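Listed below, chain by chain, are the residues.
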Amino acid sequence: MDAAMAKVNEFVLAAASRTEKRDAIGAEAVRALERAIDAGEGRASAWLWLGRCRKVLREDPRPCWEKAVETEPGNAEALLERGRSTLEDYQGLRGDMEVYRVSYRDHLIYRTPNAESASEAALRLRGEADLEAARRGGISGHQAAYLEALSSFGRGDYAKAE
């Protein structure tokens, strides 16, 4: 796993510096993590980092989040990533909120979105459950704030979602 994490670190640096070799380095990191998992080092952290690398490479990370949670059900970071993915899917279905700025009063007015469908509500509730489990596992502060805002939007608490 150490060799795989060295490749992940190299990829994180390449992604942060926006080097043109980023995708090639990322593919190396993915292969290294897959080898570690195949060698029996399939701890939740390996699946978690595999998902993160795939996300940066614009690949679907969701199967990795599922495997990470399956491997270690109480892993707060894995629950946070799965919850983030679920709530981002939810937000994509719901669309952006229409906001109007009333300049003479200097405040915002929100258009009420369409009613939440049953499938949208189920998606939101799944994401909220992961967020709550991640919180119980120790995730807090900025890590949870983004997901809280997406969840608040779904519940119609628009001021909290802002």
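Look above for the structure.
Below: a short report on this structure.

About the cut-offs
Residues numbered from 1 in each chain as written. Predicted model: local features only at pLDDT ≥ 70, side-chain atom pairs only at ≥ 80, totals over all residues. Heavy atoms only, no water. Phe/Tyr/Trp six-rings, centres within 6.5 Å; stacked < 30°, edge-to-face > 60°. Lys NZ or Arg CZ within 6 Å of the ring centre and 35° of its normal. Disulfide = S-S within 2.5 Å. Buried < 20%, exposed > 50% of the residue type's maximum accessible area, 1.4 Å probe, protein only. Axes fitted to C-alpha atoms, helices over the stretch in contact; angles between N-to-C directions. Helix = DSSP H or I, 4+ residues; strand = E, 2+ residues; numbered from the N terminus. Left-handed = near helix turned anticlockwise from the far one by under 90°. Contact = heavy atoms within 4.5 Å. Core = buried A, V, L, I, M, F, W, Y, C linked by side-chain atoms within 4.5 Å.

**A closer look at the packing of aromatic side chains**
Next, step 1: Under the counting rule described, the total for this entry stands at zero aromatic pairs.
Next, step 2: One cation-aromatic arrangement involves Arg 52 over Trp 49; the distance from NZ or CZ to the ring centre is 4.7 Å.

**Describing the state of the cysteines**
Next, step 1: Counted under the stated rule, the structure contains zero disulfides.
Next, step 2: We note that Cys 64 lacks a disulfide partner, and the nearest cysteine sulfur, in Cys 53, lies 9.2 Å from it.
Next, step 3: Residue Cys 64 is classed as buried on the basis of its relative accessible area, which comes to 1%.

**So, the packing of helix H6 (residues 118–136) against helix H7 (residues 142–155)**
Next, step 1: Interhelical geometry of H6 versus H7 gives an angle of 145 degrees and a closest axis separation of 10 Å. Crossing handedness for the pair H6 and H7: left-handed. Listed contacts from H7 to Arg 124, Glu 128, Leu 131 and Arg 135 of H6 are Ala 144, Leu 147, Glu 148, Ser 151, Gly 154 and Arg 155.

**Points about the nonpolar core**
Next, step 1: Ranked by internal contacts, the top residues of the largest apolar core, which has 35 residues, are Leu 33, Leu 50 and Cys 53.
Next, step 2: Among the elements of the structure, helix H1 (2–17), helix H2 (22–38), helix H3 (44–56), helix H4 (62–71), helix H5 (76–94), H6 and H7 are those that each provide at least two residues to this core.
Next, step 3: If sequence neighbours within four positions are ignored, Leu 50 has contacts with Val 30, Leu 33, Glu 34, Ile 37 and Cys 64.

Distances and angles like these do not, on their own, reveal function.
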